[in-house]
Amino acid sequence: MDSISQIVLGASIAHVTLGDKLGKRALLLGAVVGTLPDLDVLVPYADAIESFTYHRGWSHSLFMLSLFSFPLAWLCQRLMRKADLSYIRWWLGIWLVLITHPLLDGFTVYGTQLWWPLGVPPTAWGSVFIIDPVYTLPLAVGVAIACRRHWYQARPLVLAGLLISTSYLGWTLFAQYTIHQRVISTLAGNGIKADHILVAPFPLSLLWRVVVVSDDRYLEGYSSLLDGDSLIAMDSHDNGKQGCEEWLASWPVQRMDWFTKGAFALSVRDDVLVLSDLRMGIQDDYVFEFAVGEWQAGQWQTMVTRQLPVDIDPARMKLLLSRVWDEEVDMTPQGGSQTFVEARCTEEPAAIA
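Residues numbered from 1 in each chain as written. Predicted model: local features only at pLDDT ≥ 70, side-chain atom pairs only at ≥ 80, totals over all residues. Heavy atoms only, no water.

### What to know about the packing of aromatic side chains
In plain terms, the rule: Classification of ring pairs rests on two measures: the distance between centres of Phe, Tyr or Trp rings, Trp counted by its six-membered ring, which must be within 6.5 Å, and the angle between planes, read as stacked under 30 degrees, edge-to-face over 60 and tilted in between. We call a residue buried when its accessible area falls under 20% of the maximum for its residue type, exposed when it is over 50%, and partly exposed in between, using a 1.4 Å probe and counting protein chains only.
Counted by the stated rule, this structure contains 16 aromatic pairs. Ring centres 5.3 Å apart and planes at 45° place the aromatic pair tyrosine 45 and tyrosine 54 in the tilted group. The exposure class of tyrosine 54 is partly exposed, given its relative accessible area of 26%. Each member of the aromatic cluster is reached from another via a ring pair, and the members are Phe52, Tyr110, Trp258, Phe259, Phe288 and Phe290.

### Regarding the pattern of salt bridges
Just so we agree on the cut-off: In the sections that follow, a salt bridge refers to a side-chain nitrogen of Lys or Arg positioned within 4 Å of a carboxyl oxygen of Asp or Glu. The helix and strand labels rest on DSSP assignments: H or I over at least four residues marks a helix, E over at least two residues marks a strand, and numbering proceeds from the N terminus.
Scanning the entire structure with this criterion turns up six salt bridges. Notably, a salt bridge pairs arginine 269 with glutamate 289, separated by 2.6 Å at the nearest N-O pair. Residue arginine 269 is located in strand 5 (residues 264-269), and its partner glutamate 289 is located in strand 9 (residues 289-296); the two are separated by 20 residues in the primary sequence. Residue classification places arginine 269 among the partly exposed residues on the basis of a relative accessible area of 24%.

### A closer look at the nonpolar core
To keep it simple, the criterion reads: Nine residue types can take part in a nonpolar core, namely buried Ala, Val, Leu, Ile, Met, Phe, Trp, Tyr and Cys, and a core is a set of them joined through side-chain atoms within 4.5 Å. Any two residues whose heavy atoms approach within 4.5 Å at even a single point are treated as in contact.
Core analysis: the largest hydrophobic core is formed by 35 residues, its most contacted members being Leu22, Leu29, Trp90, Ile94 and Tyr135. Looking at this core, the elements that each hand over two or more residues are helix 1 (3-22), helix 2 (25-35), helix 4 (62-79), helix 5 (87-105), helix 6 (133-146) and helix 7 (151-190). When residues in this core are grouped by element, the largest group, eight residues, is from helix 1. The contacts of tyrosine 135, once residues within four sequence positions are left out, are Met1, Ser5, Leu9, Leu104, Ser165, Tyr168 and Leu169. Ranked by size, the runner-up nonpolar core spans 30 residues in total, among them Val213, Ala265, Leu266 and Leu273.

### Some words on the side chain of aspartate 238
How we decide: Asp and Glu are treated as the negative residues and Lys and Arg as the positive ones, with His and the ends of the chain left uncounted. Polar contact is defined as a pair of N or O atoms within 3.5 Å, subject to the rule that within protein one atom must be able to donate a hydrogen and the other to accept it, and that residues adjacent in sequence are counted only when both atoms are side-chain atoms.
With respect to the element layout, aspartate 238 can be found in strand 4 (residues 234-238). Although aspartate 238 is buried, it makes no salt bridge; arginine 217 carries the closest opposite charge, 4.5 Å away. Reaching out from aspartate 238, the side chain makes a polar contact with the backbone nitrogen of glycine 240 at a distance of 3.3 Å.

### Quick look at the sheet that holds strand 9
In plain terms, the rule: Any two strands with at least two DSSP-identified bridges between them are counted as paired. Here an angle of 0 to 180 degrees is reported between the N-to-C directions of two axes, which are lines fitted to C-alpha atoms, with helices fitted over the stretch in contact.
Taken in spatial order, the four strands make up an open sheet running 5-6-9-10, and their pairing is antiparallel. A strand with exactly one partner marks an edge of an open sheet, and here the two such strands are strand 5 and strand 10 (299-307). Ignoring which end each strand starts from, the neighbouring axes of this sheet average 25° apart. One ladder, built from five bridges, connects strand 6 (residues 272-277) with strand 9; its direction is antiparallel.

### Description of the packing of helix 1 against helix 5
Which entries qualify depends on this criterion: Angle categories are assigned with fixed cut-offs, so that under 35 degrees is roughly parallel, over 145 is roughly antiparallel, 65 to 115 is roughly perpendicular, and the rest are oblique. Crossing handedness follows the turn of the near helix against the far one: under a right angle anticlockwise gives a left-handed crossing, and clockwise gives a right-handed one.
Put simply, helix 1 and helix 5 touch, their axes get as near as 9 Å, and they point 165° apart. The angle between helix 1 and helix 5 falls in the class roughly antiparallel. In this structure, helix 1 crosses over helix 5, and the sense of that crossing is right-handed. For the pair helix 1 and helix 5, contact is made by Ser5, Gln6, Leu9, Gly10, Ile13, Ala14, Thr17, Leu18, Asp20, Lys21 and Leu22 and by Arg89, Trp90, Gly93, Leu96, Val97, Thr100, His101, Leu104 and Asp105, respectively.

### Brief notes about the packing of helix 4 against helix 5
Just so we agree on the cut-off: By the convention adopted, Pro, Cys, Tyr, Trp, Phe, Met, Ile, Leu, Val and Ala count as nonpolar, Lys, Arg, Asp and Glu as charged, and the other residues, Gly among them, as polar.
Interaxial distance between helix 4 and helix 5 falls to 8 Å at its minimum, and their mutual angle equals 140°. Regarding helix 4 and helix 5, the two cross each other, and that crossing is right-handed. The residues of helix 5 that touch helix 4, namely those facing Leu62, Leu65, Ser66, Phe68, Ser69, Phe70, Leu72, Ala73, Trp74, Cys76 and Gln77, are Tyr87, Trp90, Trp91, Ile94, Trp95, Leu98, Ile99, Pro102 and Leu103. Classifying every residue of the contact of helix 4 with helix 5 gives 17 nonpolar, three polar and no charged.

### Considerations on the sheet that holds strand 4
Pairing is antiparallel across the open sheet formed by four strands, whose spatial order is 1-2-3-4. Two strands bound the open sheet, and with one partner strand each, they are strand 1 (196-201) and strand 4. Between one strand axis and the next, the sheet turns by 20° as a mean value, whatever way the strands run. Pairing of strand 1 with strand 2 (residues 207-213), which is carried by six bridges, proceeds in the antiparallel orientation. Of the residues in strand 2, the one forming a bridge with valine 199 is valine 210.

In structure tokens form, the structure reads like this:
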């Protein structure tokens, strides 16, 4: 989730658990501690794929954060002795602020390694967009009131904010399940077998993007909660995995395969092999794309991976709002799909049609 959501979540939890003794200092403490897991972005990595897939790793592990909560609680108790809080109270408040950060991140589609160092794929329930005012606003209102009122007056409102925001998370899971059932019906009606199904929301969780991954293709479509029970229209695209089969054993591709549960595609652009994360963005406008190989001296060569700049068409973004209530809106890129060609990594790029 975005930093503001994590700040107001941490501040709310600290206010409820420690505010009777710390007063308004609990808000500041919760805001600071609630953002600590994201400091892993300051760690330098060797290339872009490492930086992308190691984020939300060890610093978001429930195991590591639970261990870290003990010395951090001890430090807080030492620094604020006048608060007259027992070590157990300190630990409980700090622990709750720390672990709710990765748990909230787990509701987004990015991928949070809750069980690091175990080698299980990242948790990505994917029912909430990374920035969602419906979740954040109740918490922000409660924190704003707590900044101006006494703890006993503000506590019920802060608790109400936590209850509303948490209930909203539960509602998004139900909405996601509703869309997922439509996907299942659509696939069954068309005899399509899926290796992986992704159902991810846009802000407010009314419009959902669907990606269905198979061996050599992926399907992409959109479904709104206002569409009724209609089947989902989906476009089929080559994912480049067969044409670039020899690259599937490379570390960057394998790492992305693990991180996205197979929701990636390979394409060739301007003598560069591009690895795209299909989970975030829309067709031809994906948020995370990486250059992983280049054509030099008549052959494909590996390279230090780099992230490509984001180039999102504003006109298509405007269409998303209309798509919430209008099932007939066409989200296909103007002129048809141009990015994901039939990639053949064994051929010279110029020979690719």
